[in-house]
Amino acid sequence: MGPLKDLLAKNKEWADKIKNDDPAFFTKLSKQQHPEYLWIGCSDSRVPANQIVGLLPGEIFVHRNIANMVVHTDLNCLSVMQFAVEVLKVRHIIVCGHYGCGGIKAALERKENGLIDNWLRHIKDVYRFHQAALDTEKDRLKRCDLLCELNIIEQVANVCHTTIVQNAWKNGQSLAIHGWVYSIEDGVLKDLEVTATGSSDISKIHRFK
Ligand code: CO
């Protein structure tokens, strides 16, 4: 198998173009990063964080996994969040899902897929929380899109429930959590308008005193 020469060539071209526009770009960036945003998105290759919001390297801190999940025991996601909030002091956390998500589709099926079923089970839980609304939607594609949206809303709540976010709010840090959905069909993002900016935006049982 070849050494992926085309990718290395494209990288050279990309780095040269950036240096051409701003010769000090990489030197400045190598010293520090000050991203204002943490992006929690799906691993899907069609939903690349930086490109779809037009941001350069250094401007957005990113965590991606299948179906943009925030699982309470996922040390990977929690570590990313802790670093982003406590060290980088990002001002916004964006949970971004997308319509037609393969993870959501798989969770809607009852097929066994192996290891990944343990991950998809968290999405099935979201289904269970909203079963009445989802069961009313008879169209399969629409039901899938609705679950994509509801899953984003649940993950926004999961972000808010962490000690990381609640402590940031308690300490007076300005931090907003947003839920967005992306359409692969037209490249457009939609704000689901579930933005949380303080502990009064979360349910009482999850709120630390
Ligand atoms: Co997806």
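Residues numbered from 1 in each chain as written. Predicted model: local features only at pLDDT ≥ 70, side-chain atom pairs only at ≥ 80, totals over all residues. Heavy atoms only, no water.

Peer 1: How would you explain the overall build of the chain if you had to name every residue and give the values?
Peer 2: Regarding its fold elements, the chain presents nine helices and five strands. Judged by the C-alpha coordinates and their principal axes, the chain covers about 55 × 50 × 30 Å. Relative to its full complement of 209 residues, the chain shows a buried share of 39%. Surface exposure of the chain reaches about 12,600 Å², of which carbon and sulfur atoms provide 54%. Averaging the coordinates of the 26 positive side-chain charges in the chain and doing the same for the 25 negative ones gives two points 4 Å apart. (Helix = DSSP H or I, 4+ residues; strand = E, 2+ residues; numbered from the N terminus. Buried < 20%, exposed > 50% of the residue type's maximum accessible area, 1.4 Å probe, protein only. Areas by Shrake-Rupley, 256 points an atom, 1.4 Å probe, with all protein chains shown as cover. Lys, Arg positive; Asp, Glu negative; His and termini not counted. Charge placed at Lys NZ, Arg CZ, Asp CG, Glu CD.)

Peer 1: Before we move on, could you go through the pairing of strand β3 (residues 92–98) and cite the residues and values that matter?
Peer 2: Taking burial as the measure, the seven residues of β3 include six buried ones, the bulk of the element. Of the pairings in the sheet, the one linking strand β1 (residues 37–42) to β3 comprises five bridges and is parallel in character. The residue bridging Leu38 from the neighbouring strand is Ile93, located in β3. Examined bridge by bridge, β3 and strand β4 (residues 176–183) share seven bridges and lie parallel to one another. Within β4, the residue paired with Cys96 across the bridge is Trp180. (Pairing = 2+ DSSP bridges.)

Peer 1: Describe the pairing of β1, listing the residues and the values that go with them.
Peer 2: A large share of β1 lies buried, amounting to five of its six residues. Relative to strand β2 (residues 60–65), β1 runs parallel, the two sharing six bridges. Within β2, the residue paired with Ile40 across the bridge is His63.

Peer 1: I'd like to hear about empty space enclosed by the protein, residue by residue, with values.
Peer 2: Taking a probe equal in size to a water molecule and rolling it over the atoms shows the remaining empty space. Applying the stated criterion across every chain yields a total of one cavity of 30 Å³ or more. Space inside the largest cavity adds up to approximately 30 Å³. Sorting the residues of the lining of the largest cavity by element identifies β3 and α8 (140–161) as the ones contributing at least two each. For the lining of the largest cavity, the element with the most residues is α8, which contributes three residues. Split by residue class, the lining of the largest cavity holds four nonpolar, four polar and no charged. (1 Å grid on protein atoms, 1.4 Å probe; cavity = no way out; pocket = protein on both sides within 12 Å on 5 of 7 lines; lining within 4 Å. Points joined across faces, edges and corners; volume = space filled by probe spheres on them. Nonpolar A, V, L, I, M, F, W, Y, C, P; charged D, E, K, R; others polar.)

Peer 1: Could you give an account of the environment of Gln131, naming the residues involved and the relevant values?
Peer 2: With respect to the element layout, Gln131 can be found in helix α7 (residues 131–136). Each C-alpha atom of the pair Gln131 and Leu141 lies 16 Å from the other, and the pair is ten residues apart in sequence.

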